[in-house]
Amino acid sequence: MTTEISPRERLAAQLAEAVAGALSADLEQQPRALLVVSGGSTPVTFFARLAAMALPWERIDVTLADERWVGEDNADSNARLVREQLLVGPAAAAKFHPLTSDEGTPEQGAAAVAERIATLPWPASAVILGMGGDGHTASLFPDSGELGLALTTDEAVVAVRALSVPQPRITLSAAYLHRARRHILHIVGDNKRSVLARALAGDDARELPIRAFLACPLAVYWAP
Ligand SMILES: O=C1O[C@H](COP(=O)(O)O)[C@@H](O)[C@H](O)[C@H]1O
């Protein structure tokens with residue numbers, strides 16, 4: 001009997017293969033490799049597939065593109081998602097670098113997080129971005145200001161307050177997220193495909209922040 005897998009599961013498996021290939025290729029040339037992942041709901045199946053890959057996980061650093069400024073006991077924590085879904089089995093040997101600190105606000109914690117992030121082996125082997133229905137990616141929102149989107153800034157991390165989201169957040173800046181060998185957008189559903197089509201038809205990243213990455217180039221992994 002053959003087991004049918006859904007298009008989203010197939011996509012997750014293909015993405016995991018591609019990311020594992022990228023990490024392996026880079027690890028042939030360098031002692032450590034960095035993977036930047038996103039949070040939210042989309043990556044769950046991908047994380048499970050990637051965690052099952054035979055990789056020298058002890059040589060891999062993992063960090064996030066963005067985080068909600070909440071504790072890891074909060075269901076909205078992206079770090080919690082990574083620890084529970086990606087850093088399991090052999091992948092638990094990877095070194096994880098969360099984007100939060102003990103400070104009360106992302107504005108207070110940003111400097112310490114930036115210091116931590118600067119120690120990682122950039123350029124990353126891959127940055128895997130998600131995208132919301134408003135075109136946000138990482139925590140770069142249409143209403144979260146221009147600093148995060150500026151491609152000329154030296155700021156690695158930016159504290160984010162946006163009216164469109166309930167919690168304060170912290171995000172790697174677009175300029176920093178550009179520091180990768182490969183950029184991947186992982187999205188599912190017809191709505192996100194339409195948002196991406198709109199993004200491709202214009203160039204103002206303040207309207208649809210994903211536009212800041214379209215020229216990286218960006219490999220799109222989409223399934224219905
Ligand atoms: O808020 C966030 O949203 C995006 C997309 O999330 P999804 O639930 O629609 O997959 C995600 O990429 C980002 O990391 C997250 O913090």
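Computed from a predicted structure; not experimentally measured.

(A) Quick peek at the sheet that holds strand β6 (residues 157-160). An order of β3-β7-β6 is seen for the 3 strands of this open sheet, with the pairing classed as antiparallel. In the strand order of this sheet, the two ends are held by β3 (66-68) and β6, each with one partner. Adjacent strand axes in the sheet meet at a mean angle of 15 degrees, parallel and antiparallel pairs treated alike. Bridge count between β3 and strand β7 (residues 169-172): 3 bridges; the pairing is antiparallel. In the sheet register, D66 faces β7, and the bridge partner there is T171. Set on the sheet, helix α4 (residues 106-118) makes contact with β6 and β7; between it and β6 the angle comes to about 160 degrees.

(B) Representation of the side chain of H183 within the structure. Relative to the helices and strands, H183 resides in strand β8 (residues 183-188). From its side chain, H183 meets the backbone oxygen of L177 in a polar contact 2.6 Å long. Once residues within four sequence positions are removed from consideration, H183 is found in contact with V127, L177, H178, F213, C216, P217, L218 and A219.

(C) Expanded view of empty space enclosed by the protein. Under the defined criterion, the tally for this structure stands at 2 cavities of 30 Å³ or more. Estimated volume of the largest cavity: approximately 60 Å³. Lining of the largest cavity is provided by V37, S38, G39, T42, P43, F46, F47, I128, L129, G130 and H186. Counting only elements with at least two residues in the lining of the largest cavity, the list comes to α2 (44-51) and β5 (126-129). Class assignment of the residues belonging to the lining of the largest cavity gives a composition of 6 nonpolar, 5 polar and no charged. Computed from the structure, the second largest cavity encloses a volume of approximately 40 Å³. S139, L140, S144, G145, G148, V158, V160 and T171 together form the lining of the second largest cavity. A per-class count over the lining of the second largest cavity returns 3 nonpolar, 5 polar and no charged.

(D) Structural context of the nonpolar core. Ranked by size, the top nonpolar core spans 71 residues in total, and within it L50 and L86 carry the most contacts. Per-element accounting of this core gives the leading share, 8 residues, to helix α1 (residues 7-27). Excluding anything up to four places from it in sequence, L86 contacts V37, F47, L50, A51, W57, V62, L81 and A91.

(E) Fine view of the pairing of strand β9 (residues 218-223). Relative to β9, β8 runs parallel, the two sharing 6 bridges. Each residue of the ladder has a partner; that of I187, found in β9, is W222. Crossover handedness for the path β8 to helix α6 (residues 190-200) to β9: right-handed.

(F) Structural view of the site of the ligand. Taken together, 14 residues surround the ligand, and among them S41, T42, D66, R169 and K192 come closest. In the environment of the ligand, an oxygen atom lies 2.9 Å from a nitrogen or oxygen atom belonging to the side chain of R68. N78 places a side-chain nitrogen or oxygen 3.2 Å from an oxygen atom of the ligand. In isolation the ligand exposes 390 Å². Once the protein is present, 88% of that is buried. Mapping the ligand onto the cavity grids shows that it belongs to the largest pocket. A class-by-class count of the residues in the shell around the ligand yields 2 nonpolar, 8 polar and 4 charged.

(G) Fine view of the pattern of salt bridges. Enumeration according to the criterion identifies 10 salt bridges in this entry. In this structure, R83 engages E72 in a salt bridge whose closest nitrogen and oxygen atoms are separated by 2.6 Å. Residue R83 is found in helix α3 (residues 78-86), and its partner E72 is found in the loop between β3 and α3; the two are separated by 11 residues along the sequence. A relative accessible area of 31% places E72 in the partly exposed class. For the salt bridge of R206 with E146, the shortest nitrogen-to-oxygen distance reads 3.4 Å. With R206 in the loop between α6 and β9 and E146 in the loop between β5 and β6, this pair connects stretches of sequence that are 60 residues apart. Owing to a relative accessible area of 52%, E146 belongs among the exposed residues under this scheme.

Parameters and conventions
Residues numbered from 1 in each chain as written. Predicted model: local features only at pLDDT ≥ 70, side-chain atom pairs only at ≥ 80, totals over all residues. Heavy atoms only, no water. Pairing = 2+ DSSP bridges. Helix = DSSP H or I, 4+ residues; strand = E, 2+ residues; numbered from the N terminus. Axes fitted to C-alpha atoms, helices over the stretch in contact; angles between N-to-C directions. Contact = heavy atoms within 4.5 Å. Polar contact = N/O pair within 3.5 Å; in protein donor to acceptor, adjacent residues only side chain to side chain. 1 Å grid on protein atoms, 1.4 Å probe; cavity = no way out; pocket = protein on both sides within 12 Å on 5 of 7 lines; lining within 4 Å. Points joined across faces, edges and corners; volume = space filled by probe spheres on them. Nonpolar A, V, L, I, M, F, W, Y, C, P; charged D, E, K, R; others polar. Core = buried A, V, L, I, M, F, W, Y, C linked by side-chain atoms within 4.5 Å. Buried < 20%, exposed > 50% of the residue type's maximum accessible area, 1.4 Å probe, protein only. Right-handed = clockwise from strand over helix to strand, strands pointing away. Near = heavy atom within 4 Å. Areas by Shrake-Rupley, 256 points an atom, 1.4 Å probe, with all protein chains shown as cover. Sits in = over half its atoms within 2 Å of the grid points. Salt bridge = Lys/Arg side-chain N within 4 Å of Asp/Glu carboxyl O.

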